[in-house]
Amino acid sequence: MFSWNNIKKTFKEKVIENDDLMGKIAGIAEVAGKSIVATATNAFKFIIEKSAITSAEMFLKVKKNLENEIAHHPTDVWRNKIANDIATLQDAIRRIRSEINSTDDQQRRRCLQNELPAKERALREKEQIRAQGSDPNYVAQCKSRLSSHLAKKENMLTMLAKDLQKNEEQIMKVEDEIAAASREDKEKLENDLSDIKSHISRVKSLQAEIARI
């Protein structure tokens, strides 16, 4: 069973703190699935699925982050990325050299000796880029990623429209339930109704923001 604290932790680790776009998308899917289960197991009569809002918010966040990388390069994100790339290559070179010195397998040694120059060359290139203080190729990659990302705009709007329609239909069902409910059930249903209306308001806000792109 998923708790809301567990869902928040997953969202923080796999979406907010994940630098990889595909990793973020996978994280969104996991959070959405957990949200549905958690809502259902909390005995809500009317389930509000959060995946459309979560995906739309992440769409806008990724857009903003890429635009920031392009407009303000070099950024701390880029500096951290290049530092991590260098550290990864340095670690790989140390491991290769260590294995070359320790292995008795001649074929394995030759393979490692062939692999080493490419790693060393990649390291020198990364260190040179860091010394220059900027990377035009990184900016070009961000522009390409942004273009591909913005191509998803219509998909986002379609997803939000479907969510809006579904929850507007839920409002009618809740209102019918309230009309026929006992006094003790009515308060819970009215809370459900308020939650759905808040959800719809957020969906409409996201629709408007994405439509302006």
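Quick caveat: nothing in here was measured; it's all calculated off a predicted structure.

Conventions adopted
- Residues numbered from 1 in each chain as written.
- Predicted model: local features only at pLDDT ≥ 70, side-chain atom pairs only at ≥ 80, totals over all residues.
- Heavy atoms only, no water.
- Helix = DSSP H or I, 4+ residues; strand = E, 2+ residues; numbered from the N terminus.
- Buried < 20%, exposed > 50% of the residue type's maximum accessible area, 1.4 Å probe, protein only.
- Contact = heavy atoms within 4.5 Å.
- Salt bridge = Lys/Arg side-chain N within 4 Å of Asp/Glu carboxyl O.
- Axes fitted to C-alpha atoms, helices over the stretch in contact; angles between N-to-C directions.
- Parallel < 35°, antiparallel > 145°, perpendicular 65-115°, else oblique.
- Left-handed = near helix turned anticlockwise from the far one by under 90°.
- Nonpolar A, V, L, I, M, F, W, Y, C, P; charged D, E, K, R; others polar.
- Core = buried A, V, L, I, M, F, W, Y, C linked by side-chain atoms within 4.5 Å.
- Expected span 1.5 Å × (residues − 1).
- pLDDT = per-residue confidence, 0-100.
- Polar contact = N/O pair within 3.5 Å; in protein donor to acceptor, adjacent residues only side chain to side chain.
- Patch = residues over 30% accessible without salt bridge, like charges linked within 9 Å, V, L, I, M, F, W, Y side chains within 5 Å.
- Areas by Shrake-Rupley, 256 points an atom, 1.4 Å probe, with all protein chains shown as cover.
- Lys, Arg positive; Asp, Glu negative; His and termini not counted.
- Charge placed at Lys NZ, Arg CZ, Asp CG, Glu CD.

### Observations concerning the overall build of the protein chain
Check the secondary structure of the protein chain and you find 8 helices and 0 strands. The order of helices and strands in the protein chain, counted from the N terminus, is α-α-α-α-α-α-α-α. The buried share of the protein chain, taken over its 213 residues, is 34%. Counting contacts in the protein chain only where the partners sit at least 6 residues apart, residues at least 24 apart contribute 76% of the total.

### Comments concerning unusual backbone geometry
Most peptide bonds take the trans form, and the phi angle of most residues other than glycine is negative. With an omega dihedral of 0°, the bond running from histidine 73 to proline 74 counts as a cis peptide bond. Relative to the helices and strands, proline 74 is located in the loop between α3 (51–71) and α4 (76–102).

### Some remarks on the pattern of salt bridges
Scanning the entire structure with this criterion turns up 10 salt bridges. Its salt-bridge partner being lysine 188, residue aspartate 192 comes within 2.5 Å of it at the nearest N-O pair. Here lysine 188 and aspartate 192 lie together in helix α8 (residues 183–211), a separation of 4 residues that amounts to about one turn. On the basis of relative accessibility, which here comes to 32%, the residue lysine 188 falls in the partly exposed class. Linked by salt bridges that have partners in common, Lys81, Asp85 and Lys126 make up one network.

### Structural notes on the packing of α3 against helix α7 (residues 153–180)
In a packed pair of helices, the relevant descriptors are the angle between the two axes and the axis-to-axis distance. Put simply, α3 and α7 touch, their axes get as near as 10 Å, and they point 155° apart. By the criterion of interaxial angle, the relationship of α3 to α7 is roughly antiparallel. When you trace α3 past α7, the crossing you get is left-handed. Residue-level contacts link Ala52, Ser55, Ala56 and Phe59 of α3 to Lys153, Met156, Met159, Leu160 and Asp163 of α7. Taken together, the residues that form the contact of α3 with α7 break down as 6 nonpolar, 1 polar and 2 charged.

### Some words on the nonpolar core
One finds Leu160, Ile196, Leu206 and Ile210 to be the most contacted residues of the largest nonpolar core, which totals 21 residues. Of all the elements in the fold, those that place two or more residues in this core are α3, α7 and α8. In this structure, Met58, Leu123, Ile129 and Leu146 belong to the second largest nonpolar core, which totals 17 residues.

### Details of α7
Under the 1.5 Å per step criterion, the end-to-end length of α7 is 41 Å for 28 residues, consistent within 8% with the ideal 40 Å. Within α7, burial applies to Lys153, Met156, Leu157, Leu160, Asp163, Leu164, Asn167, Gln170, Ile171, Val174 and Ile178.

### Focus on the confidence of the model for the protein chain
Predicted confidence across the protein chain gives a mean pLDDT of 85, with 78% of residues reaching 70 or more. Note that pLDDT drops below 50 for residues 35–44; the model gives that stretch 18 contacts with residues more than four away or on any other chain.

### Some details on helix α5 (residues 106–132)
If you check α5, its first and last C-alpha atoms are 40 Å apart, about what 27 residues at 1.5 Å a residue would give, namely 39 Å. Among the residues of α5, those classed as buried are Arg109, Leu112, Leu116, Leu123 and Ile129. Between the side-chain oxygen of the N-cap and the backbone nitrogen of glutamine 107 there are 3.0 Å, and the N-cap of α5 in question is aspartate 105. Looking at the residues trailing α5, positive phi occurs at glycine 133, about 85°.

### Concerning a negative patch on the surface
The grouping of Glu175, Asp176, Glu177, Glu184 and Asp185 at the surface amounts to a negative patch. Those elements that place two or more of their residues in the negative patch are α7 and α8. Residue contributions to the negative patch peak at 3 residues, all from α7. With respect to the element layout, glutamate 175 can be found in helix α7.

### Some words on the environment of isoleucine 96
As for its placement among the helices and strands, isoleucine 96 is situated in helix α4. Given the relative accessible area of 7%, isoleucine 96 is considered buried. Setting aside residues up to four positions removed in sequence, isoleucine 96 forms contacts with Leu112, Glu115, Leu116 and Lys119.

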